[in-house]
Amino acid sequence: MTKVMLPSQQKVEKVGLSSERTIGSWIADLKSLFKGIVLIANVLPVLTGFWLALYFSNTTLGVNLGVFILTMAGSTLVMAGALILNNWYDVDIDTVMERTKKRPTVTGNISLRTVLILGISLSILGFIVLFFTTIEAVIYAFIGWFVYVILYTMWSKRRYTLNTVIGSVSGAVTPLIGWTAIAPGYHIVPIVLALILFVWQMPHTFVIAMKKYDEYKAANVAMLPVVHGFAFTKRQIVVYIACLLPLPFLLGSLGTVFIVIATVLNVGWLLASFTGFSTKDDLKWAHMMFLFSVNYVAILFLSMIIVTLPIFN
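Cut-offs used in this document
- Residues numbered from 1 in each chain as written.
- Predicted model: local features only at pLDDT ≥ 70, side-chain atom pairs only at ≥ 80, totals over all residues.
- Heavy atoms only, no water.
- pLDDT = per-residue confidence, 0-100.
- Helix = DSSP H or I, 4+ residues; strand = E, 2+ residues; numbered from the N terminus.
- Contact = heavy atoms within 4.5 Å.
- Salt bridge = Lys/Arg side-chain N within 4 Å of Asp/Glu carboxyl O.
- Buried < 20%, exposed > 50% of the residue type's maximum accessible area, 1.4 Å probe, protein only.
- Axes fitted to C-alpha atoms, helices over the stretch in contact; angles between N-to-C directions.
- Parallel < 35°, antiparallel > 145°, perpendicular 65-115°, else oblique.
- Left-handed = near helix turned anticlockwise from the far one by under 90°.
- Polar contact = N/O pair within 3.5 Å; in protein donor to acceptor, adjacent residues only side chain to side chain.
- Expected span 1.5 Å × (residues − 1).
- Nonpolar A, V, L, I, M, F, W, Y, C, P; charged D, E, K, R; others polar.
- Core = buried A, V, L, I, M, F, W, Y, C linked by side-chain atoms within 4.5 Å.

Describing the confidence of the model for the protein chain
Model confidence for the protein chain is summarised by a mean pLDDT of 91, while 93% of its residues fall at 70 or above. Per-element confidence in the protein chain is highest for helix α9 (residues 174–180), whose mean pLDDT is 98, and lowest for helix α1 (residues 7–34), whose mean pLDDT is 58. Residue range residues 1–21 is modelled with pLDDT below 50. Its contacts to residues more than four positions away, or to other chains, number three contacts.

Here you go:
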């Protein structure tokens, strides 16, 4: 039987659908503004650093649950604030680049003034929350925020190909934030974690720049492939991935299983990087390398947690 709707009912349904679309659009705008995937990727090393600090300090998550919540909440807020400020400052180049044209700063769905206030507010709130952990954790969080917002976004990104090196510092400090919420940061483990992230970000960012070469060129952003070409960039990718090879062996305290996992990942990634010299499709190769790099860091940092779980010790 066909359902007959009164005009008033039809009006209500249309309003409901409109509201639903508005909510969905709002969620999409916030996800874009916070760079959701990037934010999650940066929170994982904080979690790993915190967990390993518990492991090497012979303490438990239950005893430090309050510190854990404060560390994760504070670091997430600081990083979210930094990412939002990056969106606020980069609105001019985001307007040019195809992949960023739907960001709310470009579409005007959220005003730039609101974005600026939100970025500053979340950053300050994050630092306040972290102050209830340790000063050392706050210092590392501030280093990451300052490097990403000031030295990378506002100073080097548009001017120098070294912007990738500078920006990598902000990502490298994330495990140190988590670790130092529990223990001093001069331990070999958090230092090596920071080194791994620092080196990893170089080839990871280079392949993104290759994938989006035309967009970065149109926006006049000084990414390595834009300035020096694909051949030079491929050689740099190989060099940086090769630099990852010895680092897992400095983490012998995590056990043989971890070293094997990390070494297999490193060798596999290095071999994949060599195929770039013979590929006929640079963009397809860059996409493959991007997927490898994303899975690499996720598997590596999750495996550090898994091999140190009580059931394996």
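Further notes follow.
Description of the pattern of salt bridges
Throughout the structure, instances matching the rule amount to six salt bridges. Between Arg 103 and Asp 94 there is a salt bridge whose closest N-O contact spans 3.1 Å. Each of the two residues, Arg 103 as well as Asp 94, counts as buried. Across the salt bridge formed by Lys 101 and Glu 98, the nearest N and O atoms sit 3.5 Å from each other. The exposure class assigned to Lys 101 is partly exposed, which follows from its relative accessible area of 35%. For Glu 98, a relative accessible area of 53% puts it in the exposed group.

Re the packing of helix α3 (residues 65–89) against helix α6 (residues 112–130)
Running from N to C, α3 and α6 point in directions that differ by 155 degrees, and their axes come no closer than 7 Å. Between α3 and α6, the interaxial angle falls into the category roughly antiparallel. Crossing of α3 over α6 shows left-handed handedness.

Some thoughts on the side chain of Asp 90
Inspection of the secondary structure assignment puts Asp 90 in the loop between α3 and α4 (91–96). Side-chain polar atoms of Asp 90 contact the side chain of Arg 158, separated by 3.1 Å. Once residues within four sequence positions are removed from consideration, Asp 90 is found in contact with Thr 153, Lys 157 and Arg 158.

A word on helix α14 (residues 282–306)
Given a rise of 1.5 Å per residue, 25 residues ought to cover 36 Å, and the 36 Å separating the end C-alpha atoms of α14 matches this to within 8%. Of the positions making up α14, those classed as buried are Trp 285, Ala 286, Met 289, Ser 293, Tyr 296, Val 297, Leu 300, Phe 301, Ser 303, Met 304 and Ile 305. On its buried face, α14 is in contact with α2 (36–56), α10 (188–211), α12 (224–244) and α13 (256–274). The backbone nitrogen of Leu 283 lies 3.3 Å from a side-chain oxygen of the residue at the head of α14, namely Asp 281.

Concerning the packing of α12 against α13
Contact geometry for α12 and α13: axes closest at 9 Å, N-to-C directions at 165 degrees. As judged from the angle between their axes, α12 and α13 are roughly antiparallel. Both α12 and α13 take part in a crossing whose hand is left-handed. Contacts between α12 and α13 pair Ile 237, Val 238, Ile 241, Ala 242 and Leu 244 from the former with Asn 266, Trp 269, Leu 270, Ser 273 and Phe 274 from the latter. Tallied by class, residues from the contact of α12 with α13 come to eight nonpolar, two polar and no charged.

Description of the nonpolar core
Grouped together as the largest cluster of nonpolar side chains are 77 residues, with contacts concentrated most on Ile 196, Leu 251, Phe 258, Leu 300, Phe 301 and Met 304. A total of 12 residues in this core trace back to one element, the largest contributor, which is α10. One finds Ile 93, Met 97, Ala 209 and Ala 219 within the second-largest nonpolar core, a separate group that totals seven residues.

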